[in-house]
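# Structure assessment
Single-letter residue listing:
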Amino acid sequence: MRKYVDECLASDIDCHVIHLGDVYYSGWDFEYQERFLPYWPVHKSEQTRIGSWSLNGNHDMYSGGYGYYDTLLADPRFAKQAKSSFFRLYNKNWQILGLDTAYDDNGLRDPQAKWVEDTVGANQQKTMLLSHHQFFSAYEPSDTVGAVLRTKLKRVLDSGRIDAALWGHEHRCIAYSSHGKVRYPRLIGHGGVPVYMTHAEADPYVEPATFEDRRFIGNWPEKWAYMGFAVLDFDGPALTTRYIDETGFQTKQEQFS
């Protein structure tokens, strides 16, 4: 990730690094101090130059959220977030709304639904939603998955104004076809905590999934999936998204338009 931060600095491009939530295992203070903040790819000297943001995840709340609010968001690099668990980034063509779906687990604590509706209604940019929890899932088909999000945001989803939604929670990298009135839904939950890759390359996708990074590390009996992240390059109304694994290999590139 640091490689792409350096590229932005070298090109004088506005850069923001966003975490989609979950510092393992229970969001204790020491977990942020020992397992997260020392490895965050933004140096403390760059806090005014590079934006750092983090969503709230269910694991962040297992110890009551104190580590998330009082340690993570108190770090000077996250000062732009102003200790709020939901936020807005925007330029002329796009706005990104980061949501807190973990204060109420798999929910959307008020007043966020009204804030989203009002913000989308008052601004004509394309809109991307970021959340920890899913709007839906190909592999967790329970009716409760994303139900609160879909219900509380029904009017704004029905308006057709949600161009993209990116979320984590499931430890996979999956692209979905347009679904649930979101044009570009994407799961980017493979940023940490390795899991087994249980799907073979030739296995059919479960609708509405259209892509999954199904590679695994080495030739070992235990098929550990690769971890990774996404790089989003905004160029006017066009958005190029690259999916990078932990070795720096690009697994997929696509355009959101």
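In what follows, the accompanying structure is described.

Definitions and limits used
- Per-chain numbering applies: the sequence of each chain, read as written, is numbered from 1 onward.
- Local features in this predicted model are restricted to residues of pLDDT 70 or higher, and side-chain atom pairs are both shown and tallied only at a pLDDT of 80 or more, whereas totals for entire chains, interfaces and linings draw on every residue.
- Hydrogens and water are ignored here; the side-chain numbers use all heavy atoms of the structure.
- Per the convention used, a helix needs a DSSP run of H or I reaching at least four residues, while a strand needs a run of E reaching at least two, with both numbered from the N terminus.
- The reference for a compact globule is 2.2 Å times residues^0.38; the radius of gyration itself is calculated from the C-alpha atoms.
- Partly exposed residues are those whose accessible area sits between 20% and 50% of the maximum for their type, while under 20% is buried and over 50% is exposed, using a 1.4 Å probe and protein chains only.
- Contacts are assigned to residue pairs with any non-hydrogen atoms lying within 4.5 Å of each other.
- Computed with the Shrake-Rupley method and a 1.4 Å probe, the accessible areas treat only the protein chains shown as cover for residues.
- Charge assignment in this entry is limited to Lys and Arg as positive and Asp and Glu as negative, and neither His nor the chain termini are counted.
- We put the charge of a Lys on NZ, of an Arg on CZ, of an Asp on CG and of a Glu on CD.
- The criterion for strand pairing is that DSSP finds at least two bridges linking the strands in question.
- Interaxial angles span 0 to 180 degrees and are taken between N-to-C directions of axes, which are lines fitted to C-alpha atoms, for helices over the stretch in contact.
- The directions considered for the arc are those from the helix axis to the C-beta atoms.

Moving on: the overall build of the protein. From N to C terminus, the protein includes seven helices and twelve strands. Taken over the C-alpha trace, the protein has a radius of gyration of 18 Å; the compact-globule value for 257 residues is 18 Å, and the two agree within 12%. By the burial criterion, 48% of the 257 residues in the protein qualify as buried. Counting only contacts in the protein whose residues sit at least 6 apart along the sequence, the fraction spanning at least 24 positions is 60%. Of the accessible surface of the protein, which amounts to about 12,500 Å², a share of 53% is contributed by carbon and sulfur atoms. Both charge centroids of the protein, one from 27 positive and one from 34 negative side chains, sit 6 Å from each other.

Next up on the list: the sheet that holds strand β11 (residues 238-245). An order of β10-β11-β12 is seen for the three strands of this open sheet, with the pairing classed as antiparallel. For this open sheet the edge positions go to β10 (228-235) and β12 (250-256), each flanked by a neighbour on one side alone. Mean inter-strand twist for the sheet, computed between neighbouring axes without regard to direction, equals 15 degrees. Bridge count between β11 and β12: six bridges; the pairing is antiparallel.

Within strand β6 (residues 162-167), six of the six residues are buried, leaving the element largely enclosed by the surrounding structure. Bridge count between β6 and strand β8 (residues 184-188): four bridges; the pairing is parallel. Looking at β8, one finds that Ala 165 is bridged to Pro 185.

Omega for the bond connecting Tyr 24 with Tyr 25 falls within 30 degrees of zero, at 0 degrees, which places this linkage in the cis form. With an omega of 10 degrees, the peptide bond between Asp 110 and Pro 111 qualifies as cis. If you trace the backbone, Pro 111 turns up in the loop between β4 (94-98) and α5 (112-122). Non-glycine residue Asn 106 carries a positive phi angle of around 55 degrees.

Considered for burial, the residues of α5 that qualify are Gln 112, Ala 113, Val 116, Thr 119 and Val 120. Looking straight down α5, one finds its buried side chains confined to an arc of 135 degrees; they lie on one side. Among the exposed residues of α5, those pointing more than 90 degrees away from its buried face are Lys 114, Gly 121 and Ala 122. Buried residues in α5 make contact with β3 (87-90), β4, β5 (126-131), α6 (147-152) and α7 (154-158).

Interpretation in functional terms is not warranted from these geometric data alone.
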